[in-house]
Amino acid sequence: MVDREEILPKYWYNVIPDLPKPLPPPRDPPEAEFSRIDLLRKIMPKEVLRQQFTVERFIKIPEDVRNAYLNIGRPTPLLRAKRLEEMLGTPAKIYFKFEGATPTGSHKINTALPQAYFAKEEGINHVVTETGAGQWGTAVALSARMFDMNATVFMVRVSYEQKPQRRTIMQLYGADVYASPTNLTEFGRKILAENKDHPGSLGIAMSEAIEFALKNEIKYLVGSVLDVAILHQSVIGLEAIRQLDELGEEPDVLIGCVGGGSNFGGFTFPFYGAKKGKKFIAVGSYEIPKFSKGDYVYDFPDTAGLLPQVKMITLGKDYVPPPIYAGGLRYHGAAPSLSLLIKEKVVEWREYSEPEIFEAAKLFMRAQGIIPAPESAHAIKAVIDEALEAKKTNEKRVIVFNLSGHGLLDLPNYESMMKRSLK
Ligand SMILES: Cc1ncc(COP(=O)(O)O)c(C=O)c1O
């Protein structure tokens with residue numbers, strides 16, 4: 001048995017130098033009235049910005065960040081879903097990396113911690129961000145606290161109202177939480193002037209957080225989409241490689257869900273870099289169909305267009321997801337590196353509907369006891385399909401997926417899915 005500290009990597013893995021084609025860089029829109037790249041320099045911690053643009057393959061994890069990772073329980077467990085295999089009657093072996101085991105309940109803390117740390121290193125004592133369902137906001141709130149900083153979180157209004165528990169957790173960690181659109185920013189006021197009951201969106205909340213960072217000269221932490229978030233998330237895949245080695249397993253299929261792409265990239269890219277795994281499956285939502293209906297173009301990550309444009313698979317920055325949908329994964333785009341790997345057919349994609357992911361989640365919870373985050377249930381649905389295909393062909397394939405979070409604070413989502421499935 002190797003101990004925890006040895007499994008926890010000392011370096012993050014950056015996929016950019018290993019991509020089959022050069023990654024189109026972030027850019028200022030043609031004929032821009034101001035430079036978004038300059039603006040990014042103002043709002044991101046310097047070291048985070050440097051890592052965003054680096055082409056180094058491995059980047060050292062600072063000792064303080066490694067200690068913080070150990071402190072929140074990294075490495076997370078790699079578990080075998082034996083009872084799920086039995087229930088499916090499949091010859092496949094199913095393993096999952098359980099990112100729901102962190103104190104905040106998802107993988108998001110893996111990048112919140114280093115970003116907060118790098119801000120602190122610059123002498124900043126206040127960070128700001130946006131959040132949808134609250135997983136990212138919670139991770140930032142705890143990370144800021146761990147490095148003795150204040151945190152402000154702009155939370156999408158519908159979630160703020162539907163997810164009071166996540167708001168409470170952020171407040172318990174000491175963060176200020178606002179329902180976005182707010183009256184605190186120019187962009188928020190503009191949206192409210194058009195519709196005072198606007199439900200909010202991730203893109204809007206992101207724009208408000210960036211404006212707030214600029215005005216108050218504090219740092220903005222980015223939760224997904226930009227390459228630096230995926231870089232930090234590579235601890236997931238790097239640990240999983242070590243953990244599978246310990247078991248003497250070679251993975252065949254690697255599966256993860258995709259919102260902006262951070263847990264998927266963090267989990268699968270280290271395998272791709274190490275030339276392990278035959279098939280990579282990125283799973284999105286049928287209701288937010290970026291893979292099937294999105295375009296691969298330069299687009300803004302945020303609705304106000306304050307961040308540089310990146311080339312990605314996107315439904316457009318103004319996309320507003322269907323209001324009743326409870327499955328998460330509502331973001332309009334997919335990270336540039338992931339988009340490129342999909343276009344190059346290295347990574348396959350699937351899209352599943354809410355009733356399908358709900359059935360998959362129920363099967364998983366009844367087999368393994370863990371209530372998955374609705375986002376992660378998308379990955380589970382693909383895992384079940386792969387396991388059933390292996391059953392047809394009687395193949396012993398090894399399927400490994402990332403269980404990006406638990407769903408204990410997403411019970412309102414499950415309640416609404418239950419109600420709708422009874423109709
Ligand atoms: C548990 C969980 N999984 C997945 C996601 C999707 O984000 P990403 O694609 O960046 O991992 C989220 C986003 O909030 C999440 O909370």
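Remember, predicted model here, so these are calculated numbers, not experimental data.

*Asks:* What is the right way to look at the overall build of the chain in this model?
*Replies:* Counting its regular elements, the chain contains 18 helices and 15 strands. A compact globule built from 423 residues should have a C-alpha radius of gyration of about 22 Å, and the chain, at 20 Å, falls within 12% of that. Along the longest, intermediate and shortest principal axes, the C-alpha atoms of the chain span 60 × 50 × 40 Å. Look at the contacts in the chain between residues 6 or more apart in sequence, and 77% of them connect residues 24 or more apart. Only carbon and sulfur atoms are counted for the fraction: they give 52% of the accessible area of the chain, which is about 16500 Å².

*Asks:* When you look at the domain arrangement of the chain in this model, what are you seeing that I'm missing?
*Replies:* A common way to report how large an interface is uses the accessible area buried once the components associate. Taken as a whole, the chain is organised into domain 1 (4–63 + 107–220) and domain 2 (73–105 + 226–422). One C-alpha centre belongs to domain 1, the other to domain 2; they are set 21 Å apart. Across the boundary between the two partners, domain 1 contributes 62 residues, which contact 56 residues of domain 2. Contact with domain 2 buries surface across domain 1, with Ile-7, Tyr-13 and His-107 losing the most and accounting together for 14% of the total. Summed over the shared surface of domain 1 and domain 2, the result is four salt bridges. The partner of Lys-21 in a salt bridge is Glu-344, with the nearest N and O atoms 3.2 Å apart. At the surface where domain 1 touches domain 2, the tally comes to 26 residue pairs in polar contact (both at pLDDT 80 or more).

*Asks:* Which parts of the structure should I look at to understand the packing of helix α13 (residues 262–273) against helix α15 (residues 336–343)?
*Replies:* Any two packed helices are characterised by the angle at which their axes cross and by the distance between the axes. Taken N-terminus to C-terminus, the directions of α13 and α15 make an angle of 55°; their axes are 11 Å apart at the nearest point. In terms of orientation, α13 lies oblique with respect to α15. In the packing of α13 onto α15, the handedness of the crossing is left-handed. Judged by residue contacts, Phe-264, Phe-269 and Tyr-272 of α13 engage Ser-337, Leu-338 and Leu-341 from α15. Across the contact of α13 with α15, the residue classes tally to five nonpolar, one polar and no charged.

*Asks:* Where do I start with the UniProt feature "modified residue: N6-(pyridoxal phosphate)lysine" (unreviewed entry) in the chain in this structure?
*Replies:* The feature "modified residue: N6-(pyridoxal phosphate)lysine" (unreviewed entry), as given by UniProt, occupies Lys-108 in the numbering adopted here. Checked against the element boundaries, Lys-108 lands in the loop between β4 (93–98) and α6 (109–121). Under the relative-accessibility criterion, Lys-108 is labelled buried at 17%. Apart from residues lying up to four places away in sequence, Lys-108 is in contact with Gln-135, Trp-136, Ala-139, Gly-223, Ser-224, Gln-233 and Ser-262.

*Asks:* So what exactly am I meant to see when it comes to the sheet that holds strand β8 (residues 219–220) here?
*Replies:* Hydrogen bonds between backbone atoms are what pair the strands of a sheet, whose relative direction is either parallel or antiparallel. Taken together, four strands build an open sheet; the order of strands is β7-β6-β5-β8 and the sheet is parallel. Two strands in the sheet have a free side with no partner beyond their single neighbour: β7 (176–180) and β8. Bridge count between strand β5 (residues 126–131) and β8: two bridges; the pairing is parallel. Residue Val-127 lies in a different strand from β8, and its bridge partner there is Lys-219. Contacts between helix α7 (residues 135–146) and the sheet are confined to β5 and β6 (150–156), with β5 contributing the most and set at about 165° to the helix.

*Asks:* For this particular structure, what's the right way to read the site of the ligand?
*Replies:* With respect to spatial proximity, 17 residues lie near the ligand, and among them Ser-224, Gly-259, Gly-261, Ser-262 and Ser-404 are the closest. At 2.6 Å from an oxygen atom of the ligand is found a main-chain nitrogen or oxygen belonging to Gly-259. Relative to its free-state accessible area of 390 Å², the ligand is covered by the protein chains to the extent of 92%. For the shell around the ligand, the per-class residue count stands at four nonpolar, eleven polar and two charged. Both domains that meet at the shell around the ligand, namely domain 1 (4–63 + 107–220) and domain 2 (73–105 + 226–422), each give it at least three residues.

*Asks:* Where do I start with the pattern of salt bridges in this structure?
*Replies:* Pairing of side chains with opposite charge becomes possible as their charged atoms draw close. Under the defined criterion, the tally for this structure stands at 31 salt bridges. Linking Arg-74 and Glu-99 is a salt bridge whose minimum nitrogen-to-oxygen distance equals 2.8 Å. Here Arg-74, found in the loop between α4 (63–71) and β3 (78–80), pairs with Glu-99, found in the loop between β4 and α6; they are 25 residues apart in sequence, far enough to count as distant. Glu-99 shares its class with Arg-74; the two are buried. Where salt bridges share partners, they join Lys-279, Glu-348, Arg-350, Glu-386, Glu-389, Glu-395 and Arg-397 into one cluster.

*Asks:* Explain α15 here, please?
*Replies:* Burial analysis of α15 places seven of its eight residues in the buried class, which makes it a mostly covered element. One or two residues past the end of α15 sits Lys-345, with phi positive at roughly 60°.

*Asks:* Sorry if this is basic, but what is going on with the packing of aromatic side chains here?
*Replies:* Here the distance between the centres and the angle between the planes together describe a pair of aromatic rings. Applying the stated criterion to the full structure yields 13 aromatic pairs. Ring geometry for Phe-267 versus Phe-271: centroids 5.7 Å apart, planes at 70°, classification edge-to-face. Pair noted here: Phe-267 and Phe-271 are both in helix α13, with a separation of four residues, about one helical turn. Since its relative accessible area comes to 0%, Phe-267 is described here as buried.

So, how was this worked out
Residues numbered from 1 in each chain as written. Predicted model: local features only at pLDDT ≥ 70, side-chain atom pairs only at ≥ 80, totals over all residues. Heavy atoms only, no water. Helix = DSSP H or I, 4+ residues; strand = E, 2+ residues; numbered from the N terminus. Rg over C-alpha atoms; globule rule 2.2 N^0.38 Å. Contact = heavy atoms within 4.5 Å. Areas by Shrake-Rupley, 256 points an atom, 1.4 Å probe, with all protein chains shown as cover. Domains from an automatic or database assignment. Buried area = accessible area lost by both parts, 1.4 Å probe. Salt bridge = Lys/Arg side-chain N within 4 Å of Asp/Glu carboxyl O. Polar contact = N/O pair within 3.5 Å; in protein donor to acceptor, adjacent residues only side chain to side chain. Axes fitted to C-alpha atoms, helices over the stretch in contact; angles between N-to-C directions. Parallel < 35°, antiparallel > 145°, perpendicular 65-115°, else oblique. Left-handed = near helix turned anticlockwise from the far one by under 90°. Nonpolar A, V, L, I, M, F, W, Y, C, P; charged D, E, K, R; others polar. UniProt positions renumbered as here; feature names shortened; annotations may be inferred. Buried < 20%, exposed > 50% of the residue type's maximum accessible area, 1.4 Å probe, protein only. Pairing = 2+ DSSP bridges. Near = heavy atom within 4 Å. Phe/Tyr/Trp six-rings, centres within 6.5 Å; stacked < 30°, edge-to-face > 60°.

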